[in-house]
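Below are the chains, spelled out letter by letter.
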Amino acid sequence: MTGITLEDFSVFYDSREAITKVSGSFPSGKLTFILGPNGSGKSTLLRALGGAISFRGKAGIGGRDLSALPPRRRGRLIGVAGQSPGLNSSFTVEEIIAMGRLPYRKFPGGRDAGA
């Protein structure tokens, strides 16, 4: 299966468990919503997948084990664009997402092959 898969996925802040043994999949090519009240772990899940927070259990993307990927490779596969109500700009969503690709762009101009 392609997409993102989780098996007994848990995230801790110090000794407090923020996400407890979640299992499931997010198929590629499909739109998936993660819904829940404030503090339920939605952003924590995304941060852990992106590598900003460590996790326990298994997480994969496109059949690759996320914990085995070097941070640079993981960063090419997963990007997280947080909700920011104070962002006052005329950038499009595409431009904001492309900003996360800046370390991998060929300059001047042009997108890299992984964009």
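For every chain, the first residue of its written sequence is number 1, and the numbers climb from 1 along that sequence. Where local features are concerned, this predicted model is filtered to residues with pLDDT of at least 70; where side-chain atom pairs are given and counted, the filter is 80 or more; whole-chain, interface and lining totals use all residues. By convention in this description, side-chain values take in all heavy atoms of the structure and omit both hydrogens and water.

**Notes on the overall build of the protein**
Part 1: Secondary structure follows DSSP: runs of H or I at least 4 residues long count as helices, runs of E at least 2 residues long count as strands, and numbering of each begins at the N terminus. Per the secondary structure count, the protein includes three helices and four strands.
Part 2: For the protein, the N- to C-terminal ordering of α and β elements is β-β-α-β-β-α-α.
Part 3: Think of it in three bands: with a 1.4 Å probe and only protein chains considered, a residue is buried below 20% of the maximum accessible area for its type, exposed above 50%, and partly exposed in between. Here the protein, with 115 residues, has 22% of them falling under the buried criterion.
Part 4: The contact definition used throughout considers only heavy atoms, calling two residues in contact when any of these lie within 4.5 Å. Residue pairs in contact within the protein that sit at least 24 positions apart in sequence constitute 47% of those at least 6 positions apart.
Part 5: Surface accessibility in these figures is a Shrake-Rupley result with a 1.4 Å probe; residues are shielded only by whichever protein chains are displayed. By element, 54% of the accessible surface of the protein is carried by carbon and sulfur atoms, the whole surface being about 8400 Å².

**A short note on the sheet that holds strand β3 (residues 56-61)**
For sheets, the rule is that strands pair by backbone hydrogen bonds, running either parallel or antiparallel.
Part 1: Sheet architecture is open: four strands sit in the order β2-β1-β3-β4, paired in antiparallel fashion. Two strands close off the open sheet at either side, each with one partner strand: β2 (16-27) and β4 (64-65).
Part 2: When DSSP finds at least two bridges between two strands, those strands are taken to pair. Pairing analysis gives eight bridges linking strand β1 (residues 3-13) to β2, with the strands arranged antiparallel. Considered in β2, the bridge of Leu 6 is made with Gly 24.
Part 3: The strands touched by helix α1 (residues 42-50) are β1, β2 and β3; relative to β1, the strand with the most contacts, the crossing angle is about 105 degrees. Simply put, an axis is a line fit to the C-alpha atoms, just over the touching stretch for a helix, and the angle between two N-to-C directions goes from 0 to 180 degrees.

**What to know about the pairing of β1**
Part 1: Linking β1 back to β2 in an antiparallel pair, the connection comprises two residues, with Asp 14 at a positive phi of about 55 degrees.
Part 2: Across five bridges, β1 lies against β3 in antiparallel orientation. Bridge pairing links Ile 4 to Ile 61 in β3.

**Brief notes about the nonpolar core**
Part 1: If you look at the biggest cluster of nonpolar residues, it comprises 15 residues, and the most contacted ones within it are Leu 6, Phe 9, Val 11, Leu 49, Phe 55, Ala 59 and Leu 66.
Part 2: Elements that contribute at least two residues to this core include exactly β1, α1 and β3.
Part 3: The biggest single contributor to this core is β1, with four residues. By nonpolar core is meant a set of buried Ala, Val, Leu, Ile, Met, Phe, Trp, Tyr and Cys residues that side-chain atoms within 4.5 Å join together.

**Some remarks on the environment of Thr 44**
Part 1: For Thr 44, the position within the fold is in helix α1.
Part 2: Expressed as a C-alpha distance, the spacing of Thr 44 and Phe 12, which sit 32 residues apart in the sequence, is 9.5 Å.
Part 3: In this view, Thr 44 contacts Val 11, Tyr 13, Ala 18, Ile 19 and Ile 53; residues no more than four positions away in its chain are not counted.
Part 4: Here the side chain of Thr 44 touches Tyr 13 through a polar contact of 3.1 Å, side chain to side chain. N or O atoms within 3.5 Å of each other form a polar contact, as long as, within protein, one can give a hydrogen and the other can take it, and as long as residues adjacent in sequence are counted only when both atoms are side-chain atoms.

**Re a nonpolar patch on the surface**
Part 1: Together, Leu 31, Phe 33 and Leu 35 line one region of the surface with nonpolar side chains, adding up to about 450 Å² of accessible area.
Part 2: Looking at the element boundaries, Leu 35 is found in the loop between β2 and α1.
Part 3: Given a relative accessible area of 78%, Leu 35 falls into the exposed group. Surface patches are defined over residues having more than 30% relative accessible area and no salt bridge, joining like charges when they lie within 9 Å and nonpolar side chains (Val, Leu, Ile, Met, Phe, Trp, Tyr) when within 5 Å. For this document, the term salt bridge refers to a Lys or Arg side-chain nitrogen within 4 Å of an Asp or Glu carboxyl oxygen.

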